[in-house]
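Structural description and commentary
Okay, here's what each chain looks like letter by letter:
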Amino acid sequence: FGTRSLWRTLNSLYGRGDVEMVIRQAGPDAEFNIFIHLNLQSQMRTFIDNCRRIVSRWKTLTLIYDKNHAHFGRVGSQTVNGALGELSGLLRDGSGSPILEQLFLSCGGTMNVVSIVYARLLDSNQIWAPNLRTLRCSYFLPIPSVPLSSISTLVIIHSFYCSSGILDSPTKILLEFLIKLPNILDFSLEADSIEGAFRDESLRLPVMDLPSIKSFQLRLPYFRLKDFAINGSC
């Protein structure tokens, strides 16, 4: 109980008493790892109020959305957007978090349903988290409206399924997202369920030039090797 380094995690499921205990045990100079459940907006509001005074000491922030805990598809996506919009307002209304360095958007639940969000939270990051450096997205594809100039590391895990058109495909949205990261240095992409994503060769993705990227890592955990022709490329 006296080891302060063990008391660095706060979860939006904690009640006021638990939050107070963790803050007290961690000490006056502790930096915290925060976990917020977007499905439970009432607990999210209470949690922000309970730890308002230590927002400036948030080191990492993980936002969790469980698809099994809400409606699927478009309605579920709007639920995410609503929660992110409200969280953005709660965080702007008070002290910022100048030491926050990593934001993790994690989508749990059934893996064959993915979410695309219009992340107003990211749009305001220069206000409340000016030193945010790392953005990790698991089955989320955020669509910020402003360039995120502070982000230098991007980690994406997503399902690239076959869609009816290129305009609404996850691949196209990912490319649009990359344009919003003018200073990205390290990009890691884990492509899940890519079979059929590029079946229609008439749908061409735009050619992009991203000179800031110095390191690119591609993971294909479920990629099935097939027989390819000797001539040609794939």
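The structure displayed is predicted, hence computed values, not measured ones.

Examining the overall build of the chain
Each helix and strand in the chain was counted, giving six helices and 10 strands. Across the 234 residues that make up the chain, the buried fraction comes to 44%. When contacts within the chain are restricted to residue pairs at least 6 apart in sequence, those whose partners lie at least 24 apart make up 77%. In the structure as shown, the chain presents an accessible area of about 12,400 Å², 53% of it carried by carbon and sulfur atoms.

Overview of the nonpolar core
Nonpolar side chains in soluble globular proteins generally cluster together in the buried interior. In this structure, Ile36, Trp58 and Leu63 are the most contacted members of the largest nonpolar core, which totals 59 residues. When residues of this core are assigned to their parent elements, the largest contribution, six residues, is made by helix α3 (residues 73–92). Ile36 has contacts with Ser12, Met44, Phe47, Ile48, Trp58, Leu61, Thr62, Leu63, Ile64 and Leu87, leaving out every residue within four places of it along the chain.

Focus on the environment of Thr171
Mapping Thr171 onto the fold places it in helix α6 (residues 170–179). Considered as a pair, Thr171 and His158 are 13 residues apart in the sequence and their alpha carbons are 9.6 Å apart.

A look at the packing of aromatic side chains
For any pair of aromatic rings, the description consists of the separation of the ring centres together with the inter-plane angle of the planes. On inspection of all chains with the given rule, the structure shows three aromatic pairs. A centroid spacing of 6.3 Å and a plane angle of 50° characterise the contact between Tyr65 and Phe140, whose relative ring orientation is tilted. Remark: Phe140 occurs in strand β7 (residues 140–142) and Tyr65 occurs in strand β3 (residues 58–66); sequence separation between them is 75 residues. For the pair Tyr65 and Phe140, a shared accessibility class is recorded, and that class is buried. Ring centres 5.3 Å apart and planes at 35° place the aromatic pair Phe187 and Phe216 in the tilted group. Remark: Phe216 occurs in strand β10 (residues 215–219) and Phe187 occurs in strand β9 (residues 186–192); sequence separation between them is 29 residues. The lysine or arginine in question, Arg136, covers the ring of Phe104, its NZ or CZ lying 5.5 Å from the ring centre.

Analysis parameters
Residues numbered from 1 in each chain as written. Predicted model: local features only at pLDDT ≥ 70, side-chain atom pairs only at ≥ 80, totals over all residues. Heavy atoms only, no water. Helix = DSSP H or I, 4+ residues; strand = E, 2+ residues; numbered from the N terminus. Buried < 20%, exposed > 50% of the residue type's maximum accessible area, 1.4 Å probe, protein only. Contact = heavy atoms within 4.5 Å. Areas by Shrake-Rupley, 256 points an atom, 1.4 Å probe, with all protein chains shown as cover. Core = buried A, V, L, I, M, F, W, Y, C linked by side-chain atoms within 4.5 Å. Phe/Tyr/Trp six-rings, centres within 6.5 Å; stacked < 30°, edge-to-face > 60°. Lys NZ or Arg CZ within 6 Å of the ring centre and 35° of its normal.

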